[in-house]
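This is what each chain is made of:
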Amino acid sequence: MQLHFSPSMRSVTISSSNGFIDLMKIKIAARHISYRTLFHTILILAFLLPFVFILTAVVTLEGVNNCSSFDRSVEFSISTSASLLYAAVRELQCRWSCLLLIEVVESEFHLLVLVWALSDGCLGRRLGPRLLGRVDDSGRLVRDFYKILNQVNSEEIPDGLKLPQSFSQLVSEMKSNKYNAKDFAMILRGMMERSEREIKESKFAELMNKHFAATAIPKGIHCLSLRLTDEYSSNAHARKQLPSPEMLPVLSDNSYNHFVLSTDNILAASVVVSSAVQSSLKPEKIVFHVITDKKTYAGMHSWFALNPLSPAIVEVKGVHQFDWLTRENVPVLEAVEKHFGIRNYYHGNHIAGANLSDTTPRSFASKLQARSPKYISLLNHLRIYLPELFPNLDKVVFLDDDVVIQRDLSPLWDIDLGGKVNGAVETCKGEDEWVMSKRLRNYFNFSHPLISKNLNPDECAWAYGMNIFDLRAWRKTNIRDTYHTWLKENLKSNLTMWKLGTLPPALIAFKGHVHPIDPSWHMLGLGYQNKTNIDSVKKAAVIHYNGQSKPWLEIGFEHLRPFWTKYVNYSNDFIRNCHILE
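Computed from a prediction, not measured in an experiment: that's the story for all the values here. (Residues numbered from 1 in each chain as written. Predicted model: local features only at pLDDT ≥ 70, side-chain atom pairs only at ≥ 80, totals over all residues. Heavy atoms only, no water.)

Take the overall build of the protein next. Secondary structure summary: the protein contains 22 helices and 13 strands in total. Here the protein has roughly 31,300 Å² of accessible surface; of this, 54% comes from carbon and sulfur atoms. (Helix = DSSP H or I, 4+ residues; strand = E, 2+ residues; numbered from the N terminus. Areas by Shrake-Rupley, 256 points an atom, 1.4 Å probe, with all protein chains shown as cover.)

Okay, here's the thing in structure tokens:
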């Protein structure tokens, strides 16, 4: 590459290295310039040109893997020429204030070479937009594509549109049918909507199967109940009195810490009692009142008679052994169990009449959980009758059968409830936004006039499962009557006021009677929140497997199950012979 100044200094020529081809000429209007200025200009050009050459070479070598040798050679020549021309012109403009006209003269041959180079290969891609003033039109293409997508989204998918079964089939059909952009977008939309429907249907089917698994009795637990019931009839030790006669006065002694557990699950009951005793600093002060139904009573009694947890005291009673639990005292619950519509709601077809297209999987899962048959069991409603069932006790802690106690709970009896009845953990604030985000709007139908008139949708909810009840304060209230009244109203409205079991009527009945306690006492969600924080689980006093994924079921979360199974006595002959959780 050579740079020539004419003797008259009226033109500058840039030619190839062999001097045969003049690539470009610059004609300069006649002006008087000093030799000092010319000297400085040539000196600066001599200084700059090597850097321009190196920069051009680097840009050229970038495309060595994608460009042909001819492309690279032409690119190198023209890029160098352009750089030299640009540097010379800028310097002349800066130094020669008298410069009036710069004219680029190109021969037809040079123009053809330049046009070819700028329209093909790497050279065109690199230098075309710069030298010919081209702009990147990708923005326009994106805007056109958005326009087509919006148009397709606003139209209905044609009936009978044949949709490919896979992406490879789509590509093959595009090649053969030569779809335009709109046809392609319409087919793609159809494929995506079909996939969304199939995924949603599969998710609903999964939730239904999980619901059936959660409400069924595992074979091992059923075996345990049958074997223990048989043991009760054949083994005198399994029928011994609980507690022993000399310890009967303790059952009404308020200097002890009294726990109440209502369940028909023998294995779950054993874990709750065992974990409470093992975690207590004073197990000799623990009294457990285990309440079960008539069919489970023999097996439950056998378990605690054959597996005593000394020095703690355990009493087992069936609902049939409470004189107060008559039809006259619990008429509403009798109606709940016998009402055909109610039984059909909890035991019938859970999909019939449901509009799955307008339902999300999470809301569908909540509705299924609300239709668990346990919610029409008397055992699940017994907690509302604690003052009548234990007339001599002042304070009790009521536990659900799906909890594990990991810390000494005796400080609960020292909490000042401030005249309130129910010490409970509030569930509207906490680290877990799913578990701890429950307000009354999550449980009630606020389109119902009675609900909207009497309740505030933003009021914080609280949790059942681990509650400290002041029975003395309770007996001064009308909580039980309020509970019955709202149950009747919900029955009259065909269950349109709420659908989630026993907590909603309790949220109304205990309104104004709840004292919030520290959330570390009771951690919820281990039965439905797979992403439960393990460190928080370890720190909690009571962990609650509320939800469908109970730890004794195969659908339980494997990483959360060990906190429960550590209290299962796998050395017990009944547990081992029934192959519990093997």
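Here we come to the state of the cysteines. If you walk through the whole model with that rule in mind, you get two disulfides. Note that Cys-223 is cross-linked by a disulfide to Cys-578, the S-S spacing being 2.1 Å. Residues Cys-223 and Cys-578 are joined through a disulfide that is left-handed, its torsion about the S-S bond being -70 degrees. A residue pair is termed long-range when its members are at least 10 positions apart, and Cys-223 in helix 8 (residues 219-234) and Cys-578 in the segment after helix 22 (573-577) qualify at 355 residues. Each of the two residues, Cys-223 as well as Cys-578, counts as buried. One disulfide bridge connects Cys-428 with Cys-460, the sulfur atoms lying 2.0 Å from each other. Here the S-S torsion is close to -105 degrees, and the disulfide linking Cys-428 with Cys-460 is therefore left-handed. Taken as a pair, Cys-428 in the loop between strand 10 (422-424) and helix 16 (449-454) and Cys-460 in the loop between helix 16 and strand 11 (466-470) lie far apart in primary sequence, 32 residues in all. Residue classification places Cys-460 among the buried residues on the basis of a relative accessible area of 17%. (Disulfide = S-S within 2.5 Å. Buried < 20%, exposed > 50% of the residue type's maximum accessible area, 1.4 Å probe, protein only.)

What follows is about a nonpolar patch on the surface. Together, Val-142, Phe-145, Tyr-146 and Leu-149 give the surface a local cluster of nonpolar side chains, amounting to about 370 Å² of exposed area. Within the secondary structure, Leu-149 sits in helix 5 (residues 138-153). (Patch = residues over 30% accessible without salt bridge, like charges linked within 9 Å, V, L, I, M, F, W, Y side chains within 5 Å. Salt bridge = Lys/Arg side-chain N within 4 Å of Asp/Glu carboxyl O.)

We now examine the packing of aromatic side chains. Here the structure, examined in full by the defined rule, presents twelve aromatic pairs. For the pair Phe-469 and Trp-474, a centre-to-centre distance of 5.1 Å together with 50 degrees between the ring planes defines the contact as tilted. Among the residues examined, Phe-469 registers a relative accessible area of 0% and is labelled buried. Ring centres of Trp-552 and Trp-564 lie 5.7 Å apart, and the angle between their planes is 50 degrees; on these two criteria the pair is classed as tilted. Note that Trp-552 is positioned in the loop between strand 13 (542-544) and helix 21 (562-565) and Trp-564 in helix 21, a separation of twelve residues in sequence. In terms of burial, Trp-552 and Trp-564 fall into one category: buried. Residue placement shows Lys-317 over the ring face of Phe-322; its charged tip is 4.3 Å from the ring centre. (Phe/Tyr/Trp six-rings, centres within 6.5 Å; stacked < 30°, edge-to-face > 60°. Lys NZ or Arg CZ within 6 Å of the ring centre and 35° of its normal.)

Within the secondary structure, His-301 sits in helix 10 (residues 294-306). Among the residues examined, His-301 registers a relative accessible area of 4% and is labelled buried. Contacts of His-301, omitting those with residues within four sequence positions, involve Tyr-232, Ala-238, Arg-239, Lys-240, Leu-242 and Val-316. (Contact = heavy atoms within 4.5 Å.)

When you tally the buried positions in strand 11, you get five out of five residues, the bulk of the element. Burial along strand 11 is two-sided: the residues Met-466, Ile-468 and Asp-470 and Asn-467 and Phe-469 are all buried. One ladder, built from five bridges, connects strand 8 (residues 395-399) with strand 11; its direction is antiparallel. Note on strand 11: the bridge partner recorded for Leu-399 is Met-466. (Pairing = 2+ DSSP bridges.)

Glancing now at the nonpolar core. Leu-267, Phe-288, Phe-304, Leu-399 and Ile-543 are the most contacted members of the largest nonpolar core, which has 65 residues in total. No other element matches helix 9 (residues 266-279), which puts nine residues into this core. When near neighbours in sequence (up to four residues on either side) are disregarded, Phe-304 contacts Leu-242, Ala-269, Ser-270, Val-273, Val-290, Leu-309, Val-314 and Val-316. Counting 43 residues, the second-largest nonpolar core is a separate cluster that includes Ala-461, Trp-462, Trp-474 and Val-514. (Core = buried A, V, L, I, M, F, W, Y, C linked by side-chain atoms within 4.5 Å.)

Okay, the sheet that holds strand 10 next. Pairing is mixed across the open sheet formed by seven strands, whose spatial order is 7-6-5-8-11-10-12. Edge positions in the sheet fall to strand 7 (313-318) and strand 12 (514-516), since each of these pairs with one other strand and no more. Shown here is a sheet whose adjacent strand axes are inclined to one another by a mean of 25 degrees, direction ignored. The pairing of strand 6 (residues 286-292) with strand 7 spans six bridges and is parallel. Residue pairing for strand 7: Val-287 is matched across the bridge by Ile-313. (Axes fitted to C-alpha atoms, helices over the stretch in contact; angles between N-to-C directions.)

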